[in-house]
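Per-entry structural report
Spelled out, the chains give:
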Amino acid sequence: MKHNLSRREFLQSTKAGVLVMTIAPKFLSDSSVTDQKKDSQELIDASVVWLAKAIRTKQVSSEEVVRAFLQRIEQVNPKINAVVQIHGEAALADARAADQQAQAKRWRGPLHGVPCTIKDSFETKGMISTAGLKGRAAFIPDTDATAVARLRAAGAIVLGKTNTPELTLAFETNNLVYGRTNNPYNLERTSGGSSGGAAAILAASGSPCDLGTDTGGSIRLPSHYCGIAGMKPTQGRIPRTGHIISFDGPHQSLTHVGPMARYVEDLAFLLPILTGPDGIDPSTVPLPLGDSKKVDLKKLRTAFLTDNGDVPATAEIAAVVKEAAKRIADLGGVVTEARPERIKEAYEMYVGILWADGGAWARRLLQKTGTQETLLEQRLSTFKAIPIGDYSALLERWDQFRSQMLRFWQNYDVLICPANAHAAIPHGTTYQGRNLAAYGYTMAFNLTGWPSVVVRCGTSAEGLPIGVQVVAPPWREDVSLAVAQHLQLTSGGWRRAQI
């Protein structure tokens, strides 16, 4: 299925009731630090790039910044339940130390004095790290997960931990330790999962960035539901050491670690800090990153789709995706409607692979953490292990799927598509109708391992964010970031949730 879309068709593609935003973000990577005010509202809306520059040039102190975000968390968290462990005094002490180091011109790294939050599925030294499990309700690790350690080594200050479902294995964020996280744009809607706490607090300006993970869409779906920017890099970019779902097992390649923020330029800023082998995760590859600023968007062969052949996107989401494609076509490049071969099989294949052993791998993790009571058990009880011969055949089909999907890049350089078929859905409705199958839009790229970025490009008639997914070939994070950055600048990007 493919055909070129004319400019006239592009212009007619936006449906009534959908707002495609056209105002650029206030804080951009090239913003002048000196001509920005320092009030707390502006600080909590600022990009990571801006904050890092402002702290380094002493236009603001780290303590000012940390205090502003802690105050915002105190204001909004009772409504959304996104931050489940707050380390306010420790963060302020770290900020004062960072300011003293700045006075002495001793810089820890590019994130010196910049605050962040961390998804609760990562082990974080000195902080309760539950992964949503009752068996770990009081677990305090002695060491940081590799990705957490890299953020701290770069100078980041951890404000606290953000909510996640049990073992990160749900598209809604809820658990028996901390309860449910709400979407800040509509408290009756889910923030998504499994990085739902991260996305919710970012959307509400309670943190400038977070560290997420994505096994089937767990960065990209909450980014779409909450209107922020999130990236799943190529499988093998960032070590999973210290994450509840780590680097072991036959489907370990499904799980990716990646940055989450409000602005695409922050994803590009954070990514190099996180990448590279740690000597522990055996699947991490020491491959250099490309520079997104050097990508020539006019030369890209761009494809887009609004229907993966399984669950069509709503008319609102399809309109926003088409408008995003138009933004690239306006640059003079070739834009074609095209669908990767076999993408419609993604949902069925993904579920088959993840639960082929009847959930035995997940039960081992629960047993290891001493967790007996879970919300997850009801789902696990529905899965039945398949014969070993059927399982080996399934793994063969997975490799064939990846190979045939890979051929798509012979004709295209980037794919623009929905992050999900719907905007944020009501709490508790993931398993109604074909809602679960709608996550095939993200699952497809866990199966292939390709990099993808989600950026907000529109708003539904109900006032909910609509994100667009930008997918690139393996190891071309620079392409996905460059396209997402252009879409942010021309379509609006993140806007703070008014709660």
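Look up a bit, the structure's there.
As a starting point, this report considers the structure included with it. All figures in this text were calculated on a predicted structure; none of them were measured in a lab. (Residues numbered from 1 in each chain as written. Predicted model: local features only at pLDDT ≥ 70, side-chain atom pairs only at ≥ 80, totals over all residues. Heavy atoms only, no water.)

As a further point, take the overall build of the protein chain. Of regular secondary structure, the protein chain possesses 16 helices and 14 strands. Considering only C-alpha atoms, the protein chain reaches an extent of 60 × 55 × 45 Å along its principal axes. In the protein chain, buried positions account for 63% of the 499 residues. Restricting the contact set of the protein chain to residue pairs at least 6 apart, pairs at least 24 apart contribute 77%. (Helix = DSSP H or I, 4+ residues; strand = E, 2+ residues; numbered from the N terminus. Buried < 20%, exposed > 50% of the residue type's maximum accessible area, 1.4 Å probe, protein only. Contact = heavy atoms within 4.5 Å.)

Inspection of the entire model under this criterion finds eight aromatic pairs. With 4.0 Å between their ring centres and 25° between their planes, Phe 171 and Tyr 439 make a pair best called stacked. One end of the pair, Phe 171, is in the loop between strand 4 (157-162) and strand 5 (182-183); the other, Tyr 439, is in the loop between strand 12 (414-418) and helix 15 (440-448), and 268 residues separate them in sequence. For Phe 171, a relative accessible area of 10% gives the class buried. Members of the aromatic cluster, connected to one another through ring pairs, are Phe 408, Trp 409, Tyr 412, Phe 445 and Trp 450. (Phe/Tyr/Trp six-rings, centres within 6.5 Å; stacked < 30°, edge-to-face > 60°.)

Another point: the packing of helix 11 (residues 346-354) against helix 15. Close contact between helix 11 and helix 15 brings their axes to 8 Å; oriented N to C, the two are set at 60°. For the element pair helix 11 / helix 15, the angle class is oblique. Considering only the axes of helix 11 and helix 15, their crossing is left-handed. Taken together, the residues of helix 15 that come into contact with helix 11 (itself represented by Ala 346, Tyr 347, Met 349, Tyr 350 and Ile 353) are Gly 440, Met 443, Ala 444, Asn 446 and Leu 447. Looking at the contact of helix 11 with helix 15, its residues break down into eight nonpolar, two polar and no charged. (Axes fitted to C-alpha atoms, helices over the stretch in contact; angles between N-to-C directions. Parallel < 35°, antiparallel > 145°, perpendicular 65-115°, else oblique. Left-handed = near helix turned anticlockwise from the far one by under 90°. Nonpolar A, V, L, I, M, F, W, Y, C, P; charged D, E, K, R; others polar.)

Moving on, we come to the environment of Ala 154. Considering the arrangement of structural elements, one finds Ala 154 in the loop between helix 6 (146-153) and strand 4. A residue is classified by how much of its surface remains accessible, and Ala 154, at 7% relative accessible area, is buried. Measuring from C-alpha to C-alpha, the distance between Ala 154 and Trp 107 comes to 9.0 Å, with 47 residues separating the pair along the chain. Residue contacts for Ala 154: discarding those within four places in its chain leaves Arg 108, Gly 109, Pro 110, Leu 111, His 112 and Ile 273.

Here we take up the pattern of salt bridges. With the rule as written, the count across this model stands at 19 salt bridges. Ionic pairing is found between Asp 330 and Lys 326, a salt bridge with its closest N-O pair at 2.8 Å. Owing to a relative accessible area of 38%, Asp 330 belongs among the partly exposed residues under this scheme. Through salt bridges with shared partners, a single network forms among Glu 323, Lys 326, Arg 327 and Asp 330. (Salt bridge = Lys/Arg side-chain N within 4 Å of Asp/Glu carboxyl O.)

Bringing unusual backbone geometry into the picture now. Cis rather than trans, the peptide bond between Gly 193 and Ser 194 has omega equal to 10°. Looking at the element boundaries, Ser 194 is found in the loop between strand 6 (186-190) and helix 7 (196-203). Of note, Lys 105 is a non-glycine position whose phi angle comes to about 60°, a positive value. What makes Lys 105 exposed here is its relative accessible area of 65%. Notably, Thr 168 is not glycine yet its phi reads approximately 65°, a positive angle. With respect to the secondary-structure elements, Thr 168 resides in the loop between strand 4 and strand 5. Classification of Thr 168 by relative accessible area gives buried; the value is 4%.

Counted residue by residue, strand 14 (residues 465-471) has seven buried out of seven residues, so it is predominantly covered. Sheet topology note: the strand 13 (residues 452-459)/strand 14 ladder contains seven bridges and is antiparallel. Counted as the bridge partner of Val 455 is Val 468 from strand 14. Hairpin connection, strand 13 to strand 14: the antiparallel pair is bridged by five residues, and Gly 463 has positive phi, about 85°. (Pairing = 2+ DSSP bridges.)

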